[in-house]
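Survey of secondary and tertiary structure
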Amino acid sequence: MSRIEQVFEDLRKTGGKALIPYIMAGDPSLEATKKFVADLEKSGADIIEIGVPFSDPLADGPTIQRAAERSLQQGTTLKKVLGLVREIRQSCRIPLILMTYFNPVFKLGVKRFIREAVRSGVDGVIIPDLIPEEAGELTGIAGRYGLDTVFLLAPTSTKERIRRVAGVSTGFIYYVSITGITGSKLSMDKAMKDTLDSVKRVSGKPVAVGFGISNPEEASRVARLADGVIIGSAIVKIIAEGRDIKRFVKSIRKAVQGRG
Amino acid sequence: MNKKPHKLPDGKGHFGPYGGRFVPETLMPALIELEHAYGKYKKDADFLKELKSLQRDFIGRPTPLYFARNLTEHVGGARIYLKREDLCHTGAHKINNALAQALLARKMGKTRVIAETGAGQHGVATATGAALTGLECEIYMGSEDIRRQALNVFRMRLLGAKVTEVSIGSKTLKDAINEALRDWTTNVRNTHYVMGTVFGPHPYPAMVRDFQSIIGAEARRQILKAEQRLPDCLIACVGGGSNSIGLFHAFLRDNIKMTGVEAGGHGIRTGMHAARFAGGSLGIFQGCKSYLLQDRDGNVLGTHSVSAGLDYASVGPEHCYLRDIGKVRYTYATDREALKAFELLSRTEGIIPALESAHAIAEAVKTASKMSRKSIIIVNLSGRGDKDVQEVAGIKGIDL
């Protein structure tokens, strides 16, 4: 069982739900990112997603786009993020996931990326512009190296898509709460509950929900339906405003029952 | 290697190692729906009849294949024919695709179309198609391009489209595409994305090519009638690559030289250009795998061309494949060469070409001069230059 799977397994036993915050590496600096990861772990995060900046982040809303721009201006690259994870790994005990667009991975070389990611202590990878049909090389090699590959599903996903994604996603499934980009306004309705139920039933894998969750109240409602809650833009915004993320993340943790 | 390049792509949208689908999962159902709808309607007699009648009465097809006698004599080599896409309604080949996609969107029950635009030609074409078919229309355009192309922005608004400014990233075409993809991801249920070139995720590269291939199909018939034989060489400019594929596709089974002309900007060594084959490498960008101008960490580089329509960091995946199998040769013309050709064609033939098409003219002049007087070249004159007059005057230091 991978470290990510173990988190969900432990939570399942106690009825808790995973809290998965996202931050953009290198915004405002790699040094700051190191501190934020420690803050997030202390504030009750179960898994942390670390974003790799890309020049053209087409699944992201303005908050994360601007964070990526700031990070790129600092000279952040995928290689530097891998180096950062290696440092963070010295003290961090929870799973770390890289969220990156596919081109930086492709440019580095899929095999080399996976080898270096695993060596640096990365537990999983989320690539929002990579669908299962194009991911054969990545999932094949990642499987051999024990790196989880988390794929996404959306409210538009048909039964056929759910089956396909469930077949290749490891660690958990990332359910995009809205038809939209990161940081959009969340709308929770019966359709979301039905789709989530269907995803859980078809896949038999943990499902974490992300995109658009911005406060403890929404987090708590999502936690009732899903196995995990992913919060990105709201945290990235707090960092951009120079405010303290610990208080916010603790308030979310309070709203989402953890390992008890 | 595939012996039948005209039969590609494969079922997953691959042209050899290029193409495919690299998009957020949210869009997959829409792409599959589009693929099925297109597969159905491209064989649907009613759809084809409506498209054909609009091509004739609304776009003004067939466009002439014009023998450029004065230019030919000026160069003193091969006989140069111009395929006059500049005479299409709205002034460029873009309408061939935009109108067909608007019809398809209406057939699919969509109520809204969106599109990206750089110089504004595809935006105007899409707004035109939307006005004709009664669809709501929103066009994404970088704030830098909005400033440079104020006239086209007003044209789109006259046609009833909403023009939305994109002021993030480089504020140009690629950012407009990102924003259009984000809109589509959000409004996918009622919205069709009218991609303007042979790029993006499958089925766009194949579908846009098919809608543009009427250019080559007509040119083939016209040259056979005029010269009783096929040409020796085809030349077209390549931005995303839709006008060039449109011309080349009907000739892929013939043994003819074909040349695609990219934007050389200030020259390859300056880094200020949009010559993906001369200066790029394999990458994944905005939905497909293709040649891409990128840095060593995989971030997309800024581009430069005097012509906004060629100013793009990547190129249609089918072009990469045609290059690999040696079917098409790719070269580039610099800003300076294109501007010279812009003036040359204006003076010799009384035709002001789009700056994009002027790149093809520049290459045609070079090529024709090395060929015999019996040889025949067809150049795709993809658009007219009215939109560029102000830009060219500015470059020449003339205040209009």
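Right, let's walk through the structure included here.

Scoring rules and cut-offs
Residues numbered from 1 in each chain as written. Chains lettered and ligands numbered in written order. Predicted model: local features only at pLDDT ≥ 70, side-chain atom pairs only at ≥ 80, totals over all residues. Heavy atoms only, no water. Pairing = 2+ DSSP bridges. Helix = DSSP H or I, 4+ residues; strand = E, 2+ residues; numbered from the N terminus. Axes fitted to C-alpha atoms, helices over the stretch in contact; angles between N-to-C directions. Contact = heavy atoms within 4.5 Å. Buried < 20%, exposed > 50% of the residue type's maximum accessible area, 1.4 Å probe, protein only. Buried area = accessible area lost by both parts, 1.4 Å probe. Salt bridge = Lys/Arg side-chain N within 4 Å of Asp/Glu carboxyl O. Polar contact = N/O pair within 3.5 Å; in protein donor to acceptor, adjacent residues only side chain to side chain. Arc of directions from axis to C-beta. Left-handed = near helix turned anticlockwise from the far one by under 90°. Nonpolar A, V, L, I, M, F, W, Y, C, P; charged D, E, K, R; others polar. Patch = residues over 30% accessible without salt bridge, like charges linked within 9 Å, V, L, I, M, F, W, Y side chains within 5 Å. Areas by Shrake-Rupley, 256 points an atom, 1.4 Å probe, with all protein chains shown as cover. Lys, Arg positive; Asp, Glu negative; His and termini not counted. Charge placed at Lys NZ, Arg CZ, Asp CG, Glu CD. Core = buried A, V, L, I, M, F, W, Y, C linked by side-chain atoms within 4.5 Å. Parallel < 35°, antiparallel > 145°, perpendicular 65-115°, else oblique.

1. Here's the deal with the sheet that holds strand 4 (residues 79–84) of chain B
All names here are of chain B. An order of 3-4-14-9-10-13 is seen for the six strands of this open sheet, with the pairing classed as mixed. Of all the strands in the sheet, just strand 3 (65–67) and strand 13 (328–334) have a single pairing partner and so form its edges. Strand-to-strand twist in this sheet, taken as the mean axis angle between neighbours without regard to direction, amounts to 25 degrees. Looking at chain direction, strand 9 (residues 233–237) and strand 14 (residues 376–381) are connected through three bridges and run parallel. In the sheet register, Cys233 faces strand 14, and the bridge partner there is Ile377. In the packing of helix 14 (residues 335–349) onto the sheet, contacts are made with strand 3, strand 4, strand 10 (257–265), strand 13 and strand 14, and the angle to strand 13 comes to roughly 90 degrees.

2. A look at the environment of Arg296(B)
Residue and element names in this part refer to chain B. Turning to its location among the elements, Arg296 is positioned in the loop between strand 12 (287–292) and helix 13 (317–324). Classification of Arg296 as exposed rests on a relative accessible area of 75%. For the pair Arg296 and Ser281, spaced 15 residues apart in the sequence, the C-alpha separation amounts to 9.7 Å.

3. Brief notes about the interface of chain A and chain B
At the interface, 36 residues of chain A touch 40 residues of chain B. For the pairing of chain A and chain B, the buried interface totals around 3200 Å² over both sides, and the portion due to carbon and sulfur atoms is 55%. For the pair chain A and chain B, the number of links is two salt bridges. A salt bridge links Lys174(B) to Asp56(A); its shortest N-O distance comes to 2.8 Å. Linking chain A with chain B are 17 residue pairs in polar contact (both at pLDDT 80 or more), by the criterion used here.

4. Some words on helix 8 (residues 159–168) of chain A
Residues of helix 8 of chain A that are buried include every one of Arg161(A), Ile162(A), Val165(A) and Ala166(A), and no others. Buried residues of helix 8 of chain A, seen end-on, are gathered within an arc of 130 degrees and therefore sit on one face of the element. Where the residues of helix 8 of chain A are buried, they touch strand 6 (152–153), strand 7 (173–176) and helix 9 (190–203) of chain A together with helix 1 (28–41) of chain B.

5. Structural notes on the sheet that holds strand 6 (residues 136–142) of chain B
All names here are of chain B. In spatial order, the strands read 7-6-5-8; together these four strands make up an open sheet with parallel pairing. In this open sheet, the two edge strands, each paired with only one partner strand, are strand 7 (162–166) and strand 8 (191–193). Averaged over all neighbouring strand pairs, the angle between strand axes comes to 25 degrees, with direction disregarded. Two elements, strand 5 (residues 112–117) and strand 8, share three bridges in a ladder whose sense is parallel. From the neighbouring strand, Val113 faces strand 8, where its bridge partner is His192. Packing against the sheet, helix 5 (residues 121–133) makes contact with strand 5 and strand 6, and its axis sits at approximately 165 degrees to strand 5.

6. Some points on the side chain of Arg182(B)
Position of Arg182(B) relative to the elements: it lies in helix 8 (residues 173–187). According to the relative accessible area criterion, Arg182(B) is buried, its value standing at 3%. When residues no more than four places from it in sequence are discounted, the contact partners of Arg182(B) are Pro57(A), Leu58(A), Asp60(A), Gln65(A) and Ile181(A).

7. Describing the packing of helix 10 (residues 216–225) of chain A against helix 12 (residues 245–255) of chain A
For any two helices packed against each other, the geometry is given by the interaxial angle and the distance between the axes. All names here are of chain A. The contact between helix 10 and helix 12 brings their axes to 8 Å, and the two run at 35 degrees. The handedness of the crossing between helix 10 and helix 12 is right-handed. Contacts between helix 10 and helix 12 involve Pro216, Ala219 and Ser220 on the former and, on the latter, Ser251, Ile252 and Ala255. Looking at the contact of helix 10 with helix 12 residue by residue, the class counts come to four nonpolar, two polar and no charged.

8. Describing the environment of Thr367(B)
Residue and element names in this part refer to chain B. For Thr367, the location among the structural elements is in helix 15 (residues 355–369). On the accessibility criterion, Thr367 (13% relative accessible area) is buried. Contact partners of Thr367, with chain neighbours within four places excluded, come to Cys233, Ile235, Arg329 and Ile377.

9. A closer look at a positive patch on the surface
Residues and elements named next belong to chain A. Together, Arg86, Lys111, Arg115, Arg119 and Arg144 line one region of the surface with positive charge. Element by element, the count of residues in the positive patch is highest for helix 6 (residues 110–120), at three residues. With respect to the helices and strands, Arg144 occurs in helix 7 (residues 136–145).

10. A look at the nonpolar core
Ranked by size, the top nonpolar core spans 69 residues in total, and within it Ile50(A), Leu98(A), Phe113(A) and Ile231(A) carry the most contacts. With six residues, helix 4 (residues 78–89) of chain A is the single largest residue contributor to this core. Setting aside anything within four residues of it in sequence, one finds Phe113(A) in contact with Leu78(A), Leu82(A), Leu98(A), Val105(A), Leu108(A) and Val125(A). Grouped together as the second largest cluster of nonpolar side chains are 67 residues, Leu51(B), Ala100(B), Val153(B) and Val300(B) included.

11. Observations concerning the packing of helix 14 of chain B against helix 15 of chain B
Residues and elements named next belong to chain B. It is the contact of helix 14 with helix 15, at a shortest axis distance of 7 Å, that shows an interaxial angle of 90 degrees. The angle between helix 14 and helix 15 places the two elements in the roughly perpendicular class. Residues Glu337, Ala338, Leu339, Ala341, Phe342, Leu344 and Leu345 of helix 14 pack against Leu355, Ala358, His359, Ile361, Ala362, Val365 and Lys366 of helix 15. A per-class count over the contact of helix 14 with helix 15 returns 11 nonpolar, one polar and two charged.

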